[in-house]
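Structural description and commentary
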Amino acid sequence: MRRSSSTPIHTVSDIAQSRQAGHLAADVLRMLVPHVRAGVSTNDLDKLCHDYIVGTLGCIPANIGYHGYTKTVCASVNHVVCHGIPSDRDILKDGDIVNIDVALIKDGWFGDTSRMYIVGEPRAQARRLVRTAYEAMRAGVQAVRPGATLGDVGHAIESVARRERFTVVQEYCGHGIGQIYHDTPDVLNYGVPGQGLRLEPGMIFTIEPMLNAGKAATRELSDGWTVITNDKSLSAQWEHMVCVTETGYEVLTPWPEGTGDYAEL
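Residues numbered from 1 in each chain as written. Predicted model: local features only at pLDDT ≥ 70, side-chain atom pairs only at ≥ 80, totals over all residues. Heavy atoms only, no water.

A word on the pattern of salt bridges. Following the criterion strictly, the structure yields 9 salt bridges and no others. Between Arg 162 and Glu 158 there is a salt bridge, and its shortest N-O distance comes to 3.2 Å. One end of the pair is Arg 162 and the other is Glu 158, both in helix α4 (residues 150-163) and 4 residues apart, which spans about a single turn. A relative accessible area of 60% places Arg 162 in the exposed class. Close ionic contact of Arg 163 with Glu 164 constitutes a salt bridge, the shortest N to O distance being 3.1 Å. A residue is classified by how much of its surface remains accessible, and Glu 164, at 23% relative accessible area, is partly exposed. (Salt bridge = Lys/Arg side-chain N within 4 Å of Asp/Glu carboxyl O. Helix = DSSP H or I, 4+ residues; strand = E, 2+ residues; numbered from the N terminus. Buried < 20%, exposed > 50% of the residue type's maximum accessible area, 1.4 Å probe, protein only.)

Right, let's talk about the nonpolar core for a bit. Counting 38 residues, the largest nonpolar core has Leu 199, Phe 205, Ile 207 and Trp 238 as the members making the most contacts within it. Listed by contribution, the elements that provide at least two residues to this core are α3 (124-142), α4, β11 (204-207) and β16 (240-244). For this core, the leading source of residues is α3, giving 9 residues. Of all hydrophobic cores here, the second largest spans 26 residues; its members include Val 36, Cys 59, Tyr 117 and Val 119. (Core = buried A, V, L, I, M, F, W, Y, C linked by side-chain atoms within 4.5 Å.)

Here Ala 133 is to be found in helix α3. With relative accessibility at 0%, the residue Ala 133 sits in the buried group. For the pair formed by Ala 133 and Ile 157, sequence separation is 24 residues and the distance between their alpha carbons is 8.6 Å.

Once that is clear, we can look at the sheet that holds strand β15 (residues 235-237). Taken in spatial order, the 3 strands of this open sheet run β8-β12-β15, and their pairing is antiparallel. The open sheet terminates on both sides in strands that have one partner only, identified here as β8 (167-168) and β15. Two elements, strand β12 (residues 210-212) and β15, share 3 bridges in a ladder whose sense is antiparallel. Each residue of the ladder has a partner; that of Asn 212, found in β15, is Ser 235. (Pairing = 2+ DSSP bridges.)

Interaxial distance between α3 and α4 falls to 7 Å at its minimum, and their mutual angle equals 155°. By the angle between their directions, the pair α3 and α4 is classed as roughly antiparallel. Along this stretch, α3 crosses α4, giving a crossing that reads as right-handed. Across from Thr 132, Glu 135, Ala 136, Ala 139 and Gly 140 in α3, the residues of α4 making contact are Val 153, Ala 156, Ile 157, Val 160 and Ala 161. Its residues assigned to classes, the contact of α3 with α4 shows 7 nonpolar, 2 polar and 1 charged. (Axes fitted to C-alpha atoms, helices over the stretch in contact; angles between N-to-C directions. Parallel < 35°, antiparallel > 145°, perpendicular 65-115°, else oblique. Left-handed = near helix turned anticlockwise from the far one by under 90°. Contact = heavy atoms within 4.5 Å. Nonpolar A, V, L, I, M, F, W, Y, C, P; charged D, E, K, R; others polar.)

Time to look at the pairing of strand β4 (residues 73-77). Burial analysis of β4 places 5 of its 5 residues in the buried class, which makes it a mostly covered element. Neither face of β4 is open: one carries Val 73, Ala 75 and Val 77, the other Cys 74 and Ser 76, and all of them are buried.

Turning next to the side chain of Asn 189. Along the chain, Asn 189 turns up in the loop between β10 (183-187) and β11. When residues no more than four places from it in sequence are discounted, the contact partners of Asn 189 are Gly 154, Ile 157, Glu 158, Val 168, Val 169, Tyr 172, Cys 173, Glu 208, Pro 209 and Met 210.

Turning next to the sheet that holds strand β13 (residues 218-220). Across the sheet, 3 strands lie side by side as β5-β14-β13; this open sheet has antiparallel pairing. A single partner strand is all that each edge strand has here, and the edge strands are β5 (80-82) and β13. Neighbouring strand axes in the sheet, compared pairwise and without regard to direction, differ in orientation by 40° on average. Here 3 bridges tie β13 to strand β14 (residues 227-229), and the two strands are oriented antiparallel to one another.

Overall, the coordinates contain 9 aromatic pairs when judged by the stated rule. Each ring, one from Phe 110 and one from Tyr 181, has its centre 5.2 Å from the other, and the planes form 10°; the classification is stacked. Placement of Phe 110 in strand β7 (residues 109-118) and of Tyr 181 in the loop between β9 (174-176) and β10 is noted, with a sequence separation of 71 residues between them. On the accessibility criterion, Phe 110 (10% relative accessible area) is buried. Arg 115 extends its terminal NZ or CZ atom over the ring of Trp 255, reaching a point 4.0 Å from the ring centre. Its guanidinium or amino end placed over the ring of Tyr 262, Arg 131 lies 4.7 Å from that ring's centre, counting from NZ or CZ. (Phe/Tyr/Trp six-rings, centres within 6.5 Å; stacked < 30°, edge-to-face > 60°. Lys NZ or Arg CZ within 6 Å of the ring centre and 35° of its normal.)

This is the structure in structure tokens:
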């Protein structure tokens, strides 16, 4: 590995290890699909993920102990933007939308990804928000190529959100990842085309837009982790790890079962 400025440029071997970690993280989210249903607590889902990561995949849950965090995943329901702490008190109900964010370590390499789950039949606005957040992530991913800039990526994300009259959370963003969980660069979910870091093959980072149905403002709760929308409006997030290739991009956290009703990346 070398660095372009402060941003790591990974070797073919590095990318293979990052790919393996990413695929395993994506498999955890696949495993959860039938378990995200009404009556299940977010702590139940956390335990399932922990046992699968450790017992089935033979990996290390990256979040446990990270800056004092005690859970395996972040579970963010409805108006929770990110970093929701799984709890026995948070019981999913029909119509909820929930983001599960998982990170694991395989042979020293981090895999980090998240996706939205819909419980039962949500309101039309909730379904539209979830789909738009996916489309925003997809637009950001498809803007990745050698010579493009992070401003191009952020602009692509923001344009989709604005088109549907949703707002983009600005305080939280994607990040470089590899043998360091949160590395350079920061990958903002807004930007100006042509500005920011110029992308090179071998760069690996996450793209993870957070869109709100109401205003963009957020606040952190007293637990020091949970971030909610200030106006209690719904929020949705998706996250993929992406590697810049010689001709474009590779998604390192593809869904093992395919994208289903969502457009392919």
